[in-house]
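Next come the chains, spelled out residue by residue.
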Amino acid sequence: MNKIPQLLENQLLELIDGNLSASEKEKIEQEIEHSPEVKKRYNQLVEIDRALKTIQLEQPSKTFTQIVMAKLNSQPLQTGFSIKNGLLLLFGVLIAVGAATVLLATGVFDTAGTIDLNNIVAPNLTKEPLPSVPFNGKLVVNGIIILNIVLAFLILDRTILKPWFNRRINDMQF
Amino acid sequence: MTDPDFELIDKIIAGEQPLFGELVNRYKSYAFTIALKVLDNRAEAEEAAQDAFVKAYNHLKNFKKDARFSTWLYRIVFNTAISYKRKRKGTFQSIENTVVAYGQEAEGLLERNDKKKFIRQAMNNLNEADKLAINLFYLQEFSLEEVAEITGMQANTVKVRVHRARQRLADELAVILKNEALTL
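Residues numbered from 1 in each chain as written. Chains lettered and ligands numbered in written order. Predicted model: local features only at pLDDT ≥ 70, side-chain atom pairs only at ≥ 80, totals over all residues. Heavy atoms only, no water.

A. The arrangement of the overall build of chain B in detail. For chain B, the count of helices and strands is nine helices and zero strands. Each helix (α) and strand (β) of chain B, taken in turn from the N terminus, gives the series α-α-α-α-α-α-α-α-α. Scored against the burial criterion, the 184 residues of chain B give a buried share of 55%. A fraction of 69% describes how many contacts in chain B between residues 6 or more apart in sequence connect residues 24 or more apart. Within the structure as shown, chain B displays about 8,800 Å² of accessible surface, and the carbon and sulfur contribution to it stands at 48%. (Helix = DSSP H or I, 4+ residues; strand = E, 2+ residues; numbered from the N terminus. Buried < 20%, exposed > 50% of the residue type's maximum accessible area, 1.4 Å probe, protein only. Contact = heavy atoms within 4.5 Å. Areas by Shrake-Rupley, 256 points an atom, 1.4 Å probe, with all protein chains shown as cover.)

As structure tokens, this is what we get:
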């Protein structure tokens, strides 16, 4: 059988779907009547259409709804830590780091001293006098700043970037 | 747009979670059918459809009510089923490279009056989007525009896919019937 033109095939399908105007319908029906090849193709398409109309809905298992509701109930509770809260916390940490850096730069923590442990521990607990521990304020503040920077990265990752990317992935699936 | 589901959705958002079960009952058959048409595996389709309902519940606040709830839900189901299929296969089968498998098995199994069985088999060789488009179209539930919204395609593209799928099925049917006639 010679292949009939695509345009004509489309018109046959439109006829089957009932989308043609009266004049278009009459024209294509004449074509079907006069051309055995078009008629054959039309019959094939009608046959497919009839068969497809028998497609039926599939039924899931009887426990489908219960399983969905159980999944909803077993979902982990949301942390309530929104991206906005994460940003505020990050901002606070960065302010603290900035303030500590400024104070460090102005030399507030430059004075090195010692901590006399005898003043802290009760005298009756030790037989011999305890040594004095050298204390470097600058070093301690530097350590705190580094810890704060690590904390800031963690906050950025857990409360801002991760939820943001998860939201984007979910949005893409919609 | 007024949808009978909107009132129920408002109540669910307000905290009446058990009412979501009503929505699940209402749409589970269509959701499952869509997932099944994509995945061709009942257990997997059931899991994908359930996951889609959980996703829909979690994003119910984002539902803008400018379309039917069912259309919005079925799009989630479709995307979830596609994700399942991608995870399973790692690759995506393109319609352009898809050839309807017609061989010894089909020839042997096909009886003169067994066209329905053949069509089901041939449908499985269409790609996900074509298969879903033609299924939704013939389930009489959706207009071309709604099928387009669910699958994320243009309405014209859906129309082309539905037409093309029917032509392919008709071509295959013609070949098989011709071969059958030769063997008589």
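This is not the end of the story, as more comes after the structure.
B. Expanded view of the overall build of chain A. Of regular secondary structure, chain A possesses seven helices and two strands. Moving toward the C terminus, one meets the helices and strands of chain A in the order α-α-α-α-α-β-α-β-α. Expressed as a percentage of the 174 residues in chain A, the buried residues total 25%. Working note: accessible area of chain A is about 12,400 Å², and carbon and sulfur atoms make up 62% of it.

C. Expanded view of the interface of chain B and chain A. Listed by partner, the interface residues are 49 residues for chain B and 36 residues for chain A. Approximately 4,000 Å² of surface area, both sides summed, lies buried where chain B meets chain A, with 60% of it carried by carbon and sulfur atoms. It is B:Y138, B:R166 and B:Q167 that lose the most area in chain B upon contact with chain A, and together they represent 16% of the buried surface on that side. At the junction of chain B and chain A, the tally comes to six salt bridges. Note that B:R166 and A:D49 form a salt bridge whose closest N and O atoms lie 3.8 Å from each other. (Buried area = accessible area lost by both parts, 1.4 Å probe. Salt bridge = Lys/Arg side-chain N within 4 Å of Asp/Glu carboxyl O.)

D. Fine view of the pattern of salt bridges. Overall, the coordinates contain 13 salt bridges over all chains when judged by the stated rule. A:D17 is the partner of B:R166 in a salt bridge, and the nearest nitrogen-oxygen pair spans 2.8 Å. Here B:R166 is found in helix α9 (residues 155–183), whereas its partner A:D17 is found in helix α1 (residues 6–17) on a different chain. For B:R166, a relative accessible area of 0% puts it in the buried group. Residue A:D17 is classed as partly exposed on the basis of its relative accessible area of 25%. Across the salt bridge formed by B:D5 and B:R26, the nearest N and O atoms sit 2.4 Å from each other. With B:D5 in helix α1 (residues 5–13) and B:R26 in helix α2 (residues 20–39), the pair connects residues that are 21 residues apart, well separated along the chain. You can call B:D5 buried: its relative accessible area is 0%. B:R26 sits in the partly exposed class, given a relative accessible area of 42%.

E. Inspection of the packing of helix α2 (residues 22–34) of chain A against helix α3 (residues 36–52) of chain A at higher detail. All names here are of chain A. Interhelical geometry of α2 versus α3 gives an angle of 110° and a closest axis separation of 5 Å. Considering their axes alone, α2 and α3 lie roughly perpendicular with respect to each other. Two secondary-structure elements touch here, α2 through E31, I32 and H34 and α3 through P36, V38, K39 and Y42. Its residues assigned to classes, the contact of α2 with α3 shows four nonpolar, one polar and two charged. (Axes fitted to C-alpha atoms, helices over the stretch in contact; angles between N-to-C directions. Parallel < 35°, antiparallel > 145°, perpendicular 65-115°, else oblique. Nonpolar A, V, L, I, M, F, W, Y, C, P; charged D, E, K, R; others polar.)

F. Expanded view of helix α5 (residues 83–105) of chain A. All names here are of chain A. For α5, which comprises 23 residues, the first-to-last C-alpha distance of 32 Å matches the rise-based estimate of 33 Å (1.5 Å per residue) to within 8%. I83, G86, L90, V93, V97, A100 and L104 are the residues of α5 that are buried. Backbone geometry just downstream of α5 places G107 in the positive-phi region, at approximately 85°. (Expected span 1.5 Å × (residues − 1).)

G. Focus on unusual backbone geometry. All names here are of chain B. With phi around 55°, D40 is a residue other than glycine that occupies positive phi space. Inspection of the secondary structure assignment puts D40 in the loop between α2 and α3 (42–58). With a phi close to 60°, K65 is a non-glycine residue in the positive phi region. You can see K65 is positioned in the loop between α3 and α4 (69–89).

H. Inspection of the side chain of B:S83 at higher detail. Note on placement: B:S83 falls in helix α4. With relative accessibility at 16%, the residue B:S83 sits in the buried group.

I. Fine view of the packing of aromatic side chains. By the definition in use, this model includes 11 aromatic pairs over all chains. Aromatic pair A:F64 and B:F53: ring centres 5.8 Å apart, planes at 80°, arrangement edge-to-face. Of this pair, A:F64 sits in helix α4 (residues 64–73) while B:F53 sits in helix α3, which puts the two residues in different chains. Just as A:F64 is buried, B:F53 falls in that class too. A ring pair is formed by B:F20 and B:Y57, whose centres lie 5.2 Å apart and whose planes are at 70°; its orientation type is edge-to-face. (Phe/Tyr/Trp six-rings, centres within 6.5 Å; stacked < 30°, edge-to-face > 60°.)

The analysis is restricted to geometry; functional conclusions fall outside its scope.
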